[in-house]
Amino acid sequence: MANIRLVTEIPGPRSRALLERKERVVPRALSVHVPVVIDRAEGALITDVDGNTFIDLAGGVGCLNVGHSNPEVVRAIQEAAARFTHTDFSVVPYESYIQLAEELSRRAPGSFPKKVAFFNSGAEAVENAVKIARKYTGRKAIIAMEGAFHGRTNLTMALTSKVRPYKEGFGPFAPEIYRVPFPYVYRWPGRPSPAEVARQAAEALERAFLTVVSPQETAAVILEPIQGEGGFVVPPAEYLPMVQAICRRYGVLLIVDEIQTGYGRTGRFFASEHFGIEPDLITVGKSIAAGMPLSGVIGRAEIMDSPEDSTIGGTYPGNPVACAAALAVLREMDRLGLVERARVIGDRIRQRFEAMAARSPLVGEVRGLGAMMAMELVRDRETREPATEETAELLRRCIRRGVIALRAGIYGNVVRILAPLVITDDQLDEALTVMEEELLALS
Ligand code: PLZ
């Protein structure tokens, strides 16, 4: 229990000096959540330039399931970089890309043949999934969910459903995007049972095909199996199979964005597996290459093959150093049993969060799947008024005590855990004890 080590005030003098320089040359839109500058990191620990060590429950927004500076990943990066750093796969191909595509088509749900294309960012993967879906179906409309997050490029901003800070002032947005409600049980009007919320949400999708857009003109429904930025919203078990059935009935593709939920986070390699669905296209990113810029689209072979020669690509997609890192990530996930570990971590976090809920009226709901756990904070458990300011204050206080965590949710009132899955029990307990103390102090 002494993983956190604070040797200066937070931020310390070196961090403060660097952040002053940042203010002068970096636009203020790139504001920072943790006001310290990193020097190095290992596993689930981050050390800043003043020598303070923090426990990291954010993992670079869910990119570090195998841990910071994982030695095998670092070695793979060094070896790949020493051989070559870039060719553009469509100019001169390399084996690591091919091998990674083989690995991911094997791991993705669905017994049908699959193909995989790689890109740089999550948003770019989503953009390409939409391009491919439109090409395959010859249709243009895309249905996205309320509360969704799919990225910050123009098309993915259009798919994203939180006005501030993602959309306001940044339009006009890409056309032919339609929105239906996601089954957010805790905030569903009338507060019916989860099964009833699932039924009503699926019915809203069916109704959209009568009142909003023709199913014959709809290329795809895109959704996160568990909403990430939207507040770790877990749909009732029935919902995703219902959506898949509706999509199949109309020949509409189902694109499942597993950028935040994939790579073991939820206790299965893909969250889709929990719900028994077989998406037509899956987007992956974040933990795929331990923070090296890499993302991918995995899909049914015939769909992935619908765009012709040279119609998908770019300069950097599937960079060879990132592909080498991604192969090492998969080896490490298997070697360390991180998918199973996510379940153990998740159980531990759930227990601790439920204990917090028993002691603090601020906790409105504890929810999540596997290690993708969250607490939604409210000012009043009956009205469920979001405790947005309190959530921000809680996370600020945690940072001052050496614990880094993020918030989420359309109201910014959800404390979420995206810790590296290599976090030790001891580190997790220490971090959650700090969080509990600060939560009780605020309550
Ligand atoms: N799809 C489901 O979670 C990225 C965003 C951080 P990029 N989520 C973290 C921020 O403040 O922008 C995300 C996601 C899902 C797509 C994306 C987009 O991935 O790699 O950030 O483009």
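Predicted model only: the values in this text are computed from it and were never measured. (Residues numbered from 1 in each chain as written. Predicted model: local features only at pLDDT ≥ 70, side-chain atom pairs only at ≥ 80, totals over all residues. Heavy atoms only, no water.)

1. Section: the pattern of salt bridges
Proximity of charged atoms lets side chains of opposite charge pair with each other.
Here is step 1: Here the structure, examined in full by the defined rule, presents 36 salt bridges.
Here is step 2: Note that R16 and E9 form a salt bridge whose closest N and O atoms lie 3.4 Å from each other.
Here is step 3: Taking the relative accessible area as the measure of exposure, E9 reaches 52% and is therefore exposed.
Here is step 4: The partner of E103 in a salt bridge is R106, and the shortest N-O contact between them spans 3.0 Å. Note that E103 and R106 are positioned in helix 4 (residues 95–107) at a spacing of 3 residues, about one turn of the helix.
Here is step 5: Linked through salt bridges whose partners overlap, the residues forming this network are E393, R396, R397, R400, R401, E437 and E438. (Salt bridge = Lys/Arg side-chain N within 4 Å of Asp/Glu carboxyl O. Buried < 20%, exposed > 50% of the residue type's maximum accessible area, 1.4 Å probe, protein only. Helix = DSSP H or I, 4+ residues; strand = E, 2+ residues; numbered from the N terminus.)

2. A few points about the domain arrangement of the chain
The extent of an interface is frequently quoted as the accessible surface area lost upon association of the parts.
Here is step 1: Segmentation of the chain into domains returns domain 1 (40–69 + 337–442) and domain 2 (72–336).
Here is step 2: Computed over C-alpha atoms only, the centres of domain 1 and domain 2 are separated by 25 Å.
Here is step 3: Listed per partner, the contact involves 42 residues of domain 1 and 40 residues of domain 2.
Here is step 4: In total, about 3,300 Å² of surface goes out of reach between domain 1 and domain 2, with carbon and sulfur atoms giving 58% of it.
Here is step 5: Sorting the residues of domain 1 by area buried against domain 2 places L369, M372 and R384 first, and these three jointly supply 23% of that buried surface.
Here is step 6: In this assembly, domain 1 and domain 2 are joined by 3 salt bridges.
Here is step 7: Scanning the region where domain 1 abuts domain 2 turns up 27 residue pairs in polar contact (both at pLDDT 80 or more).
Here is step 8: Elements with a contribution of two residues or more to the side of domain 1 that touches domain 2: helix 2 (59–62), helix 12 (338–359), strand 11 (363–369), strand 12 (372–377) and strand 15 (414–416).
Here is step 9: The biggest single contributor to the side of domain 1 that touches domain 2 is strand 11, with 5 residues.
Here is step 10: Classifying every residue of the side of domain 1 that touches domain 2 by side-chain character gives 24 nonpolar, 11 polar and 7 charged. (Domains from an automatic or database assignment. Contact = heavy atoms within 4.5 Å. Buried area = accessible area lost by both parts, 1.4 Å probe. Polar contact = N/O pair within 3.5 Å; in protein donor to acceptor, adjacent residues only side chain to side chain. Nonpolar A, V, L, I, M, F, W, Y, C, P; charged D, E, K, R; others polar.)

3. Quick look at the environment of R249
Here is step 1: Structurally, R249 is set in helix 8 (residues 239–250).
Here is step 2: A relative accessible area of 53% places R249 in the exposed class.
Here is step 3: A distance of 2.9 Å separates polar atoms of two side chains, one belonging to R249 and the other to E206.

4. Overview of the nonpolar core
Here is step 1: In this structure, L57, L104, F353 and M435 are the most contacted members of the largest nonpolar core, which totals 93 residues.
Here is step 2: Top contributing element to this core by residue count: helix 11 (residues 320–336), with 9 residues.
Here is step 3: Two domains share this core, each providing at least three of its residues, namely domain 1 (40–69 + 337–442) and domain 2 (72–336).
Here is step 4: Setting aside residues up to four positions removed in sequence, L104 forms contacts with V116, F118, Y263, F269, V284, I288 and I298. (Core = buried A, V, L, I, M, F, W, Y, C linked by side-chain atoms within 4.5 Å.)

5. Re the site of the ligand
Here is step 1: Around the ligand, 14 residues are found, and the nearest of them are G122, A123, R152, D257 and K286.
Here is step 2: In the environment of the ligand, an oxygen atom lies 2.8 Å from a nitrogen or oxygen atom belonging to the side chain of Q260.
Here is step 3: Starting from 510 Å² of accessible surface for the ligand in isolation, the protein chains cover 79%.
Here is step 4: Across the shell around the ligand, the residue classes break down as 4 nonpolar, 5 polar and 5 charged. (Near = heavy atom within 4 Å. Areas by Shrake-Rupley, 256 points an atom, 1.4 Å probe, with all protein chains shown as cover.)

6. A closer look at the sheet that holds strand 12
Here is step 1: Spatial ordering of the open sheet is given by 11-12-15-14, a layout of 4 strands whose pairing is antiparallel. The strands lining the two open edges of the sheet, one partner per strand, are strand 11 and strand 14 (406–408). Strand-to-strand twist across the sheet, computed as the mean angle between neighbouring axes with direction ignored, equals 30°.
Here is step 2: Relative to strand 14, helix 13 (residues 388–400) is tilted by about 165°, and along the sheet it contacts strand 12, strand 14 and strand 15. (Pairing = 2+ DSSP bridges. Axes fitted to C-alpha atoms, helices over the stretch in contact; angles between N-to-C directions.)

7. Considerations on the sheet that holds strand 10 (residues 295–300)
Where strands meet in a sheet, backbone hydrogen bonds hold them as pairs that are either parallel or antiparallel.
Here is step 1: Taken in spatial order, the 7 strands line up as 4-10-9-8-7-5-6 in an open sheet, and their pairing is mixed. The sheet is open, and its two borders are formed by strand 4 (114–119) and strand 6 (177–180), each paired with just one other strand. The average undirected angle you get between the axes of adjacent strands in this sheet is 20°.
Here is step 2: Inspection of the sheet shows strand 9 (residues 281–284) paired to strand 10 by 4 bridges, in the antiparallel sense. Within strand 10, the residue paired with I282 across the bridge is I298.
Here is step 3: Taken strand by strand, helix 5 (residues 122–137) contacts strand 4, strand 5 (141–145), strand 6, strand 7 (218–223), strand 8 (253–257), strand 9 and strand 10, and its axis lies near 175° from that of strand 8.
Here is step 4: Sitting on the sheet, helix 8 is in contact with strand 5, strand 7, strand 8 and strand 10, with an inclination near 170° to strand 7.

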